[in-house]
Amino acid sequence: MKNKNNNSPWSLKINTASLVLIPAAVGINYIGKLFAGMLKLPLWLDSIGTCLAAALAGPVVGAISGAINNIIYGVTMDPISTVYAFSQAGIGIVVGLMAYYGALKSLKGTLLTGIFGGAAAVVISTPLNIIFWGGTTGNLWGDLAYAAAVAKHFPLWQASTIDEIIVDIPDKIVVLLLVAALFKGLPKSLMSLYQSNHRIESLD
Amino acid sequence: MAEIKIENLKYRYPDTKELALDGITCDIKPGEFIGVIGRNGSGKSTFCQSLIGLVPNFYRGAYGGKVFIDDIEVRNVEVDELCQKVGMVFQNPFNQVTGSKLTVYEEIAFGLENFGIPRNEMKKRIDDALELLDIAKYRDRAPFDLSGGQMQRMAIASIIAMNPEIIVLDEPTSQLDPQGSEEVFKAVAKLSEKGITVIMVEHKIEKIAAYSDRIMLLDGGKLVAFDTPQEIFAREDLAEHGVVAPVYTRICKDLGLRVPGTDYYPVTLDEAHKLLACK
Amino acid sequence: MKSLSLYEDKQSFLNGLTPGCKAFYIIAALVIPAMLGNKLISIGFIVLSILLLTQSKVIRRTLPILAVSGFVLITVIIIQGLFRAGNETVVLDLGPVAFYKEGLIFAADIAINVLNIIFAFCVLVLTTKPSDIIESMVSRGFSPRIGYVFVSLFQLIPQMTERMSTITDAQRSRGMETEGSLLIRMKAFIPLISPVIMSSFIDTKERAIALEVRGFNSKEKKSFLNVFHANAASRPIYWILLIATVASVVWKLVMMFA
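Going by an unreviewed UniProt entry, chain B carries the name ATP-binding cassette domain-containing protein and comes from Dorea hominis.

Q: Please clarify how the UniProt feature "domain: ABC transporter" (unreviewed entry) in chain B should be interpreted in this entry.
A: UniProt feature "domain: ABC transporter" (unreviewed entry): in the numbering of this structure it lies at residues 4-245 of chain B. For residues 4-245 of chain B, helix accounts for 36% and strand for 24%, while the C-alpha atoms at its two ends are 27 Å apart.

Q: Any chance you could explain the interface of chain A and chain C here in plain terms?
A: Think of interface size as the accessible area that goes away when the parts come together; that is how it is often given. Tallying the contact residues gives 62 residues for chain A and 60 residues for chain C. Between chain A and chain C, the buried area comes to about 5300 Å², and carbon and sulfur atoms account for 84% of it. The interface formed by chain A and chain C includes eight residue pairs in polar contact (both at pLDDT 80 or more). Looking at the side of chain A that touches chain C, the elements that each hand over two or more residues are α1 (16-19), α2 (21-38), α3 (48-57), α4 (59-76), α6 (107-133), α7 (140-151) and α8 (156-185) of chain A. With 14 residues, the single largest contributor to the side of chain A that touches chain C is α2(A).

Q: Please explain the pairing of strand β3 (residues 33-37) of chain B as it appears in this structure.
A: Looking along a regular strand, one sees side chains alternate from face to face of the sheet. All names here are of chain B. Extensive coverage of β3 is indicated by the burial of five of its five residues. Every second residue of β3 is oriented toward a common face, with F33, G35 and I37 on one face and I34 and V36 on the other, all of them buried. Sheet topology places β3 next to strand β8 (residues 197-201); four bridges connect them, and they run parallel. Opposite V36, over in β8, you have V201 as the bridge partner. Note that β3 and strand β9 (residues 214-219) share four bridges and pair parallel. In the sheet register, I37 faces β9, and the bridge partner there is L217.

Q: Whenever I open this one, the packing of aromatic side chains confuses me. Can you help?
A: Scanning the model with the defined rule gives 16 aromatic pairs over all chains in all. Judged by centre distance (5.3 Å) and plane angle (90 degrees), the rings of B:Y13 and B:Y59 are edge-to-face. Taken together, the positions of B:Y13 in the loop between β1 (4-12) and β2 (21-28) and B:Y59 in the loop between α2 (54-57) and β4 (62-69) put the pair 46 residues apart, joining distant regions of the chain. Summarising the aromatic geometry, the rings of B:F185 and B:Y211 are spaced 5.8 Å apart at their centres and angled 5 degrees between planes, so their arrangement reads as stacked. Here the residue B:F185 occupies a position in helix α8 (residues 178-193), and B:Y211 occupies one in helix α9 (residues 205-211), the gap between them amounting to 26 residues. Site record: aromatic cluster; members linked through ring pairs are B:Y11, B:Y13, B:F58, B:Y59 and B:Y63. Here the basic side chain of B:K207 rests over the ring of B:F185, its NZ or CZ set 5.5 Å away from the ring centre. The ring centre of B:F110 lies 6.0 Å from the NZ or CZ of C:K222, which sits over that ring.

Q: Help me understand the side chain of B:E106, please; the structure alone is not making it clear to me.
A: Here B:E106 shows up in helix α5 (residues 104-114). It turns out B:E106 is buried and unbridged, and the closest side chain with the opposite charge, C:K129, is 4.3 Å from it. Of note is the side chain of B:E106, whose polar atom sits 3.1 Å from the side chain of C:N226.

Q: So what exactly am I meant to see when it comes to the sheet that holds strand β10 (residues 222-227) of chain B here?
A: Two pairing modes exist for strands in a sheet, parallel and antiparallel, and in both the strands are linked by backbone hydrogen bonds. Residue and element names in this part refer to chain B. Strand order across the open sheet formed by six strands is β6-β7-β8-β3-β9-β10, with mixed pairing between neighbours. Sheet topology places β6 (86-89) and β10 at the edges, where each strand pairs with a single neighbour. Strand after strand, the sheet turns through a mean of 15 degrees between neighbouring axes, direction not considered. Of the pairings in the sheet, the one linking β9 to β10 comprises five bridges and is antiparallel in character. Opposite L218, over in β10, you have L223 as the bridge partner. Sheet contacts for helix α7 (residues 148-160): β6 and β7 (166-170); angle to β6, the most-contacted strand, approximately 170 degrees. Across the sheet, α8 is in contact with β3, β7 and β8; its angle to β8 comes to roughly 150 degrees.

Q: It is not clear to me how the pattern of salt bridges should be interpreted in this structure. Could you clarify?
A: In this structure the tally under the stated criterion is 24 salt bridges over all chains. Measuring nitrogen to oxygen at the nearest pair gives 2.8 Å for the salt bridge that ties A:K172 to A:D171. Assigned by exposure class, A:K172 and A:D171 land together as buried. Across the pair B:D22 and B:K222 runs a salt bridge whose closest N-O atoms are separated by 3.0 Å. One end of the pair, B:D22, is in strand β2; the other, B:K222, is in strand β10, with 200 residues separating them in the sequence. B:D22 gets classed as partly exposed once you look at its relative accessible area, which sits at 21%. Look at B:K222 and you get partly exposed, because its relative accessible area is 44%. Here the salt bridges do not stand alone but share partners, grouping A:D168, A:D171 and A:K172 into one network.

Q: Can you help me understand the side chain of B:E32 in this one?
A: All names here are of chain B. Take E32: it is sitting in the loop between β2 and β3. Taking relative accessible area as the criterion, E32 reaches 8% and is therefore assigned buried. Among the polar contacts listed, one links the side chain of E32 to the backbone nitrogen of K29, at a separation of 2.8 Å. Discounting residues that sit within four places of it in the chain, E32 has contacts with I196, T197, V198, D213 and R214.

So, how was this worked out
- Residues numbered from 1 in each chain as written.
- Chains lettered and ligands numbered in written order.
- Predicted model: local features only at pLDDT ≥ 70, side-chain atom pairs only at ≥ 80, totals over all residues.
- Heavy atoms only, no water.
- UniProt positions renumbered as here; feature names shortened; annotations may be inferred.
- Helix = DSSP H or I, 4+ residues; strand = E, 2+ residues; numbered from the N terminus.
- Contact = heavy atoms within 4.5 Å.
- Buried area = accessible area lost by both parts, 1.4 Å probe.
- Polar contact = N/O pair within 3.5 Å; in protein donor to acceptor, adjacent residues only side chain to side chain.
- Buried < 20%, exposed > 50% of the residue type's maximum accessible area, 1.4 Å probe, protein only.
- Pairing = 2+ DSSP bridges.
- Phe/Tyr/Trp six-rings, centres within 6.5 Å; stacked < 30°, edge-to-face > 60°.
- Lys NZ or Arg CZ within 6 Å of the ring centre and 35° of its normal.
- Lys, Arg positive; Asp, Glu negative; His and termini not counted.
- Salt bridge = Lys/Arg side-chain N within 4 Å of Asp/Glu carboxyl O.
- Axes fitted to C-alpha atoms, helices over the stretch in contact; angles between N-to-C directions.

Below you can see the structure in the form of structure tokens.
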């Protein structure tokens, strides 16, 4: 089911309520990453905020959240991660669109959103991995798969894609399951704030 | 100075069925100190936000009636066109810190920068606001390092620097400790002395009784009464509307002590004290 | 005050350059070597960046940043050195596996590129106040609203992590397990992070209206409280970088079509 307000999902008019979702989203990404590290989980969990903002306010806000997220990483911890702003933006767009068309309302839709979001990340990140890192990701399991694939004479881009799939797809599925649960838990009164062209009815 | 005129104001939030404001009509004169009381969910915050156009322009929903600030009809203008005339302070001081400024001084500048106020004028206004709110000594501190009461006074200073004629405060002390609340009340009293119209939602009933020229009692989105504190707290139906009179008023009522020459019970500590001392 | 920013004011030469000038330095450091296809130029930029950072007394602050990428670079050297397609010439024989010259050279190229990016970035981010970068962008027409989002993050993220550590302590004192098997740790994650997420999103409403009543959407042209005092070298350096970058692009185009 489509959102009843029929805002175009591509509207570039971002109201203040949607705009302040962006810092919250980036902060949550950051905390997710910190926790995943603290609990030594084998996942990144660093896109919860991006996906939640995308689900609430659409693909444009999702994309901006994702991009700003990596730029902030870039200027505070890891300059190279700036270029992956494109992948995060891609995830935001895919999740925002899927949520717009109601995918997060069912388990099947949520899993699909996770897979598509992860796939967007793979498609964008893999060429970047090849340009900047020769195709590896720095993730232990992914890089082991890469090494095995290269040793078996797979072409570089295939090995690199396998590496990135291992890094991204399971992670995004877990993230989207979390996001769908949180999405249901947020108060309804918040949701209407993000629809900027909602008309004001007259009571006169 | 700005006059407020409200005619049959009605409002319903999006995706809800009940009216949050239901047929409010009243006038507020320049320089008045208006207390707004009522139980939770009675429409106090919604009413406040209707004075600066957040209702309906930020929330959308359904709206009826008219709110005028002088001759500006609130619903027809954007919030940013009104906020140099009407300022607003909220409950949680923390959420009012922009996060984009490193010192109290810069934080207060935020609104002024948005309106393109020239630098010298800006500095003068910030200095005045710091002085008025008694926070000049924290000017170089980081906004998030302040205590709740200091942070709330900074929030008020940020609004006052924009030179509003009306300031609306929505439970500005509800998240503060007693000392912090006291600081905020003193600051608000000063604003009122300067001639700024103050509209303040507050649960600390003794305070509101002491400061207000008139009190609005809201319930279920309706304006139950709008009168002097003496009239309001002499009412027999307060409990039905989820409000209790100040403790002094209740004691004197029990003792049958009215202010000499009137039908009212005392509403402030001073009045009650005089009466009880006579006794 | 906690801020994520790596900036420190040391009254140095780099502190006095305009943000735009240092931003152009990053572009030049990346574009010129790429256009001329010469690794020596990348190395030249790395050396120049290190000298500038040392002169500005912030070279130590590059270490944590280098550590993040350094770890990944080591895996690159191992993987490419051992497995890269086209590996022929053995440099180091370790019995079951061997490092090859071709893979190691490839890895070295990657390392040079990565280090160049890191040091060039550091020239900007270690010596420039984030709000100065954004204000200079906004005065050139960048959206002040998006600019606000950037600058606010440097303080809002530490605020959120602080709140999170309060929650972590509370959950631990109630006996929640944060160590143990993967399943236990996964289960710990949700109650830890959910309250922070929920309250952050709910707070956004109040933050949004608090911004609105301070003229956040004002259509007036913004003014700025602070003035950036740039040193005299900013302008000539900016032009030198600009001309050198454009020249390298032109040279590349000429070589392609000549």
